[in-house]
Structures are given as C-alpha cells and as structure tokens.
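Inside the fold
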Amino acid sequence: MEFRTDLSYTKTHEWVLLEGDTATIGITDYAQDALGDIVFINLPEEGDQVEMDTVFADVESVKAVSDIYSPVTGTVCEINEELMDSPEKINESAYDAWFIKVEGVTEHSDFMTAEEYEAFVESEQE
Amino acid sequence: MLIYEKSRKGRGCQLLPKCDVEEYTPDKAHLREEAPKLPQVSEVDISRHYSELSRKAHGVNDGFYPLGSCTMKYNPRVNEKTAALAGFTAIHPLQPEHTVQGCLQVLEEGEKALNEITGMDAFTFQPAAGAHGEFTGLLLIKAYHLANGDTQRTKIIVPDSAHGTNPASAVMAGMSVINVDSDQSGCVDVDKLRQLCESEEGKEIAGLMLTNPNTAGLFDPNILEITDIIHSCGGQVYYDGANLNAIMGIARPGDMGFDCVHLNLHKTFSTPHGGGGPGAGPVGCKEHLAGFLPGKVVRKGEDGALHLVKPEKSLGEMKNFYGNFLVVVKALTYIKTLGAEGIRNASENAVLNANYMMAKLRDKYDIAFDTKICMHEFVMDLSRLLKETGVSAMDIAKGLLDHGIHPPTMYFPLTVHEALMVEPTETESRETLDWAIDVFLSLYEKAYSDPEALHRAPETTPVGRLDEVGAARHPVLRFTEE
C-alpha cells in the first residue's frame with residue numbers, strides 16, 4: 001500500500017495537496033483498496049462551494065456507496081471529468097486520480113503526514 | 001437465452017377471444033409508426049422458457065436462504081389459498097362499501113392485529129413496500145410538525161448502522177440527514193445523541209429513525225432513554241420494522257416510545273418477496289399522528305357496517321386505493337393461523353435458530369462486536385480470514401452457492417468490513433441448520449487448504465462467477481438484435 005510523502009491525509013481517508021490557497025483532493029490508496037472496485041462517482045460542479053468536514057462527493061463500489069468529505073473550505077475550480085466515465089482509474093492509481101481542485105481555501109481540517117496516516121491506518125485495521 | 005432470442009416473426013398464441021364489438025381505429029396522431037418490438041413466441045415456448053428460468057433461480061422453496069435482514073421465511077400455502085378466494089379477487093376498488101364488507105373486515109382486523117403487535121393506534125395499508133412505508137412515515141412526522149407550526153424541524157437523525165433506505169427516504173421527504181455513530185457495542189452512542197439533541201440543533205430535529213434490534217442483530221438496551229432524548233427536544237421517533245421478526249409478542253415499538261412504524265408484511269408476515277412480491281409496507285402510528293394518515297381507513301359506523309373514512313388532516317394518497325390488498329389478506333391469514341401464542345413462538349424460534357448457528361460457528365468465524373447473544377440474526381466479520389488466506393466474504397458467499405445455500409447478506413452493515421449477515425428465520429429445522437453449519441465450517445477449512453478453489457466458486461451453478469464490476473460500470477439494459 002502506498003503513502004506518498006508529498007501529500008497530506010485526513011482521518012476519513014482523503015488525500016490533499018495544498019499549494020497556496022489551492023487544494024487538490026482525492027481518496028487514498030487504502031480507501032480505494034477497502035472500497036473495492038469503484039463503479040460510479042458523483043462529483044460537485046465547478047463553482048460549487050465545499051465546506052470543511054462535510055460531504056462533497058460519493059463513490060459507489062461493488063460493496064457500498066460511501067461519502068467523501070472535503071478537508072477544506074473553498075470553491076470548486078476544476079473537477080476530474082475523466083473519472084465519471086472511468087472510475088476504475090481510482091483503483092488503478094488513487095493518488096493520480098484526483099477528484100476536485102478547490103481555490104480560495106480559507107480553512108482546512110487537521111491533516112496527517114504520510115507517516116502519521118500510515119500509523120493511523122494500521123491502528124484502524126486492528 | 002432471452003425470450004427475445006426465441007422470438008420468430010408471426011408466431012404467437014391466442015390468449016384473447018375474438019373481438020365481438022365493432023373495431024375502432026384511433027386517430028393517426030395517437031398511433032405508433034412502428035409496432036413495438038415484443039417477442040413473438042408460442043404459448044408452450046413461453047411456458048417452457050419461464051419454467052427453465054425458475055429452475056435456474058434459487059427461492060425459499062428450493063433451499064436454505066439465510067439472507068440477513070430480509071427474513072426469508074417459508075410462505076405457507078394456506079396464505080395463497082385464502083388470497084385466491086373469489087370474494088377477495090372478483091372485486092373492484094370502486095364497488096359500493098356494503099357489497100365488500102368482507103374485504104373491509106380484512107383491513108379492519110389486519111389493522112387491529114398489527115396495532116396489538118406493535119403497540120400503535122392506527123394503520124394505513126397504502127404503502128407498497130418497506131421504503132415506501134418509511135417515506136410515508138416521514139411525511140406523517142413532517143405533517144405533524146407543520147401542523148404545530150414547527151417549520152424549522154427539517155433534520156432526521158439516522159444511526160450509521162441503519163439500512164441505506166433510511167437516509168434516502170429522509171431526503172425524499174425533503175429533510176436533511178444527521179448521522180450518529182454507533183458505540184463499541186454496535187448500538188446507538190447515547191452520549192453523542194444527547195449532546196446533539198441538547199445543542200442548538202435540537203430545535204431543528206424532526207425525528208430519529210431506528211431499527212431495533214439493529215442491523216447487527218442487537219437489541220439496543222438504551223431504547224427507552226433514546227426515545228426519551230428525542231421527545232425531550234421535540235422530535236418524533238420512527239421505527240423501521242425490518243427486524244420485527246425478533247420481537248413479536250415479546251416487545252412492542254409503541255411501548256419503547258416509538259411514534260410511528262412501518263412493517264414489511266412480505267418479510268415478517270410470510271408473504272412472498274424476493275421475486276417482486278408484491279410487497280406491503282403498512283405504516284402504523286400513535287393517536288397524535290393518526291389524523292394525518294394517507295388514503296382511507298376502515299371504521300365501524302353507527303349503523304354497525306364498515307366504512308372507508310378519510311382521516312381529517314390526511315396527507316393525501318401514497319398509492320391508489322387500499323395498497324396491495326391481497327398481501328394484507330395473506331398476512332392476516334398468517335397471523336390468524338399462528339394466533340397470539342404462535343406469533344410469539346415464531347419470534348422465539350427465529351432468535352433461537354440464529355443463536356444456535358452463531359454458537360456453532362463462533363469457534364471459527366469471528367462474530368462482529370463480539371456478540372454473546374444475538375436476536376434473529378448475527379454478523380460475522382471475515383477480516384481475519386481475508387488477511388490470513390486471501391478469501392473474502394464474497395468468496396465464502398460464492399462457495400455457499402455450490403452447496404445450494406443462498407448467501408447471507410454481504411458487506412452490510414457498513415460498520416463491519418468483511419461482513420456476512422446471517423438470518424436463518426424460524427421456519428428452518430434443526431437438521432437444515434446443522435447441515436448449513438457444516439457447510440460454513442467446511443468452507444472455512446477450505447479457505448486455508450485450497451483458497452484458489454473458493455476464488456473460482458461457484459462452479460456448479462447455471463452461471464459461474466459473474467463480472468459484477470463490468471455489469472455496474474457498463475450495464476447492458478436493452479436487448480438489441482445484433
């Protein structure tokens with residue numbers, strides 16, 4: 001399982017790349033593995049507001065539908081439309097298959113480093 | 001092979017008699033330009049086609065069907081017999097009341113029996129199934145709050161172990177959903193619930209939806225405290241009747257503090273389901289909500305006859321006429337056949353059967369939440385097995401198919417990772433349970449000795465492992481000739 005050191009992580013298994021006041025958000029390799037084959041993804045639209053710790057998307061796998069939480073507050077400036085037709089890309093490479101980009105980030109939840117997140121995942125599995 | 005593939009141009013069967021009235025051709029504007037592409041098949045081929053399909057399927061009449069949360073109990077034949085009586089079938093919904101007193105009596109006695117079983121004061125039979133019942137119940141709660149001028153009550157609390165239909169129904173009813181977590185034991189976290197209801201948000205709470213026993217097969221020991229917390233902040237409490245089969249004749253939602261309930265007649269009261277039913281999801285409520293019930297209820301008039309009466313503040317129609325009436329006939333037959341004592345016995349045996357299986361399996365399979373005693377169903381967590389052998393809950397489920405057992409519910413509740421939820425129901429014999437236990441245990445051994453065999457399963461069914469991912473990602477929904 002991969003934990004990229006250049007990214008930040010949340011307890012709800014999203015990854016974030018925060019550059020200035022712009023954030024790129026996706027779900028972690030552990031999340032995609034736990035969900036199993038993803039068959040559908042529901043994303044917000046460009047211009048939508050997202051709020052820290054609230055649901056902004058959902059993904060459907062063969063097991064279940066799961067909510068995805070936004071780690072930041074801001075405005076959606078880009079969505080990864082490719083995922084709508086090819087949700088399997090999330091399973092193939094979770095850290096390249098970003099969901100949305102958010103600009104004008106005003107606040108963000110407590111992030112974990114790759115090392116902290118790896119330890120968190122291990123503690124969750126026990 | 002699809003029936004469309006058996007179609008041959010010009011073939012067909014004469015099901016309708018010759019037309020004995022003058023033929024009429026509608027206006028061209030209302031006619032199709034092309035005939036619809038219906039299959040053209042002779043009667044014998046249709047009959048064989050569907051008989052063949054039924055042999056490939058697995059129903060309660062074919063074998064054990066421990067599909068958790070679905071209560072796949074046997075459907076007694078006597079139910080079908082009464083539902084086929086001409087007095088119940090050769091009728092019309094708009095017939096004058098005095099000519100269908102017997103049918104009205106079924107609805108009246110059905111309501112009385114369900115009131116007694118649930119501790120409610122009134123029932124509507126309009127909802128066609130469980131989720132439709134949830135939607136109806138939430139509209140009742142909404143109508144009640146609006147009538148009280150409580151327009152700000154728009155939020156419904158749903159525990160994270162709830163059936164997925166609960167939050168969906170709440171959203172359908174125009175409400176927003178607040179999730180509350182379960183505690184370590186798998187029940188509602190009472191402290192978190194109290195915190196939420198005592199906060200500012202408490203004024204916006206329309207109600208709480210709860211299944212008790214819950215989806216993990218656990219009876220929430222704090223139920224009286226939970227309903228009290230909700231009432232204290234002005235909310236209503238909704239009982240999802242999915243798991244009523246565990247408590248009939250023993251505990252009543254009405255006595256636990258619930259304000260309204262839906263029941264699944266097609267589960268708990270032994271009417272067919274799984275093949276389209278049809279279902280019936282009657283909704284019951286306490287007196288303070290009864291005035292809002294949809295459709296018409298049956299009440300005895302001063303003339304001693306039964307009448308259809310519209311509740312004074314009725315929220316409207318949830319379905320045409322009286323819902324799936326014949327399902328009510330079947331359910332009432334079941335209730336009358338068992339009687340008060342039999343109803344209680346059914347629940348006792350459902351719980352006993354589940355505990356028997358759980359006790360026999362727990363040496364090998366891990367039981368979720370380390371449950372000591374379950375209700376009518378239990379949840380196994382196969383995470384350890386997956387880690388040690390690579391065999392998942394899905395693989396075990398597929399392996400069961402090769403032994404003629406319908407798999408338990410998989411990957412639900414979501415709070416358990418590799419979940420298999422087993423509900424044997426009361427209608428299975430000791431021999432069937434022992435045999436199924438042996439199959440479960442042999443599959444467990446196989447996971448260690450030959451995991452590859454389980455990855456390949458099923459191998460004895462009409463079709464092997466299906467491409468579920470492909471079916472979900474690229475569904476083929478329409479037959480095309482190519």
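Remember, it's a predicted structure, so these values are computed and weren't measured experimentally. (Residues numbered from 1 in each chain as written. Chains lettered and ligands numbered in written order. Predicted model: local features only at pLDDT ≥ 70, side-chain atom pairs only at ≥ 80, totals over all residues.)

Helices and strands together make up the secondary structure of chain A, namely four helices and nine strands. Helices and strands appear in chain A in the N-to-C order β-β-β-α-β-β-β-β-β-α-α-β-α. Relative to the globule expectation of 14 Å for 126 residues, the C-alpha radius of gyration of chain A, 13 Å, shows essentially globular dimensions. Principal axes of the C-alpha set define a box for chain A whose edges measure 35 × 30 × 20 Å. With 126 residues in all, chain A has 37% of them scored as buried. Long-range pairs, those at least 24 residues apart, make up 63% of the contacts in chain A with a sequence separation of at least 6. (Helix = DSSP H or I, 4+ residues; strand = E, 2+ residues; numbered from the N terminus. Rg over C-alpha atoms; globule rule 2.2 N^0.38 Å. Buried ≥ 20, exposed ≤ 12 C-beta atoms within 10 Å, placed from the backbone. Contact = placed C-beta atoms within 7 Å.)

Take the environment of B:Gly404 next. By the secondary structure assignment, B:Gly404 is in the loop between helix H14 (393-401) and strand E12 (409-410). In this structure the C-alpha to C-alpha distance between B:Gly404 and B:His58, which are 346 residues apart in sequence, comes to 8.2 Å.

Taken together, the contact between chain B and chain A spans six residues of the former and five residues of the latter. Among the residues making up the side of chain B that touches chain A, the classes are represented as four nonpolar, no polar and two charged. (Nonpolar A, V, L, I, M, F, W, Y, C, P; charged D, E, K, R; others polar.)

It is worth spelling out the sheet that holds E12(B) at this point. All names here are of chain B. Pairing is antiparallel across the open sheet formed by four strands, whose spatial order is E10-E11-E13-E12. Looking along the sheet, the strands with just one partner apiece sit at the ends: strand E10 (366-367) and E12. Judged from the two bridges that link them, E12 and strand E13 (residues 419-422) form a sheet pairing that is antiparallel. Looking at E13, one finds that Thr409 is bridged to Met421. Strands E12 and E13 of the sheet are contacted by H14, whose axis makes an angle of about 40 degrees with E13. (Pairing = 2+ DSSP bridges. Axes fitted to C-alpha atoms, helices over the stretch in contact; angles between N-to-C directions.)

Let us look at the domain arrangement of chain B. All names here are of chain B. For chain B, the assigned domains read domain 1 (77-337) and domain 2 (339-462). For domain 1 and domain 2, the distance between their C-alpha centres works out to 30 Å. Each partner contributes to the interface: domain 1 provides 20 residues, whereas domain 2 provides 20 residues. Of the residues belonging to the side of domain 1 that touches domain 2, the class tally is 10 nonpolar, nine polar and one charged. (Domains from an automatic or database assignment.)

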